[in-house]
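# Structural description and commentary
Now for the letters of each chain:
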Amino acid sequence: MAKSTPKAKLQPAKPKPEPKPPTPRPSKPRKPAAKPGLAQLATIASGDFALSLLIGDSKIVAGWRGAGDDPDDSDLERARRALAKREAAMVDVGRELALALTLAVGHGSLHIYQLDDRTILVETLAGDLADPQYLAWVASAPEKKTRSAAMLAAPSGTLTIVALADDGKTGFSLVAPPKVAVAIEPPAAGAWGSGRRCFITRA
């Protein structure tokens, strides 16, 4: 008679260890990013730190003579007198008018940006113009205390911005609607530095 082979005993399967949840890594603080679409158009520099500007229709500003040959009787001197006690004033350019303006930051250079239909003039003491925090401030909406400086007509379709001391034909020109509003914002400061903005928008 054949002997039966004893059946092997089944061993219970060992439970698999549960996977450990991944250790959460501390998130790095994100720097505010500049709003997409912000573009730097130009920089206007002054020979000294008292940067003041003339803004107006390009055909009008072309007649501006700046410092001229006679410092005591020049377009620049007339504009400086107009700005002695204010930040913005309309000045004669021939038989027309243009806006003289100062942001009074004391840096000597102005950076011009475009965001959608808003032109932004910035005089700043920021150390790094590529700093995301600085660019985020440039692109941010105007503060509530922003005040109107002037309403300007641009019948030629272009607007020119030039340093008061310079000849009007050397300024920076940009396409503009028939009427624009110019507004000045109070000074601002942050981790990026300090500065001030002026806005040019469709009226």
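What comes next concerns the included structure. (Residues numbered from 1 in each chain as written. Predicted model: local features only at pLDDT ≥ 70, side-chain atom pairs only at ≥ 80, totals over all residues. Heavy atoms only, no water.)

### Some details on the pairing of strand S8 (residues 158–163)
Operational definition: Relative accessible area decides the class of each residue, using a 1.4 Å probe on protein chains only: under 20% of the type maximum gives buried, over 50% gives exposed, and in between gives partly exposed. For the purposes of this entry, the term helix denotes a DSSP run of H or I that reaches at least four residues, the term strand denotes a run of E that reaches at least two, and both are numbered from the N terminus. Pairing between strands is defined by DSSP: at least two bridges between the two strands are required.
S8 sits mainly inside the fold: five of its six residues count as buried. Across five bridges, strand S2 (residues 52–57) lies against S8 in antiparallel orientation. Note on S8: the bridge partner recorded for leucine 53 is alanine 163. The pairing of S8 with strand S9 (residues 172–175) spans four bridges and is antiparallel. Pairing of leucine 159 across the sheet is with leucine 174, part of S9.

### Examining a negative patch on the surface
To keep things clear, this is the line we draw: Grouping into patches uses exposed residues only, defined as over 30% relative accessible area, and leaves out salt-bridged ones; the cut-off is 9 Å for like charges and 5 Å for nonpolar side chains (Val, Leu, Ile, Met, Phe, Trp, Tyr). Note that accessible areas follow from Shrake-Rupley with a 1.4 Å probe, and for residues the cover is restricted to the protein chains shown. Salt bridges are counted wherever a side-chain nitrogen of Lys or Arg sits within 4 Å of a carboxyl oxygen of Asp or Glu. Under this rule, positive means Lys or Arg and negative means Asp or Glu; His and the chain ends count for nothing. To locate a charge, take NZ of a lysine, CZ of an arginine, CG of an aspartate or CD of a glutamate.
Taken together, the side chains of Asp69, Asp70, Asp72 and Asp73 define an acidic patch exposed on the protein surface. Residue position: aspartate 70 is located in the loop between helix H1 (58–61) and helix H2 (75–82). Residue classification places aspartate 70 among the partly exposed residues on the basis of a relative accessible area of 39%.

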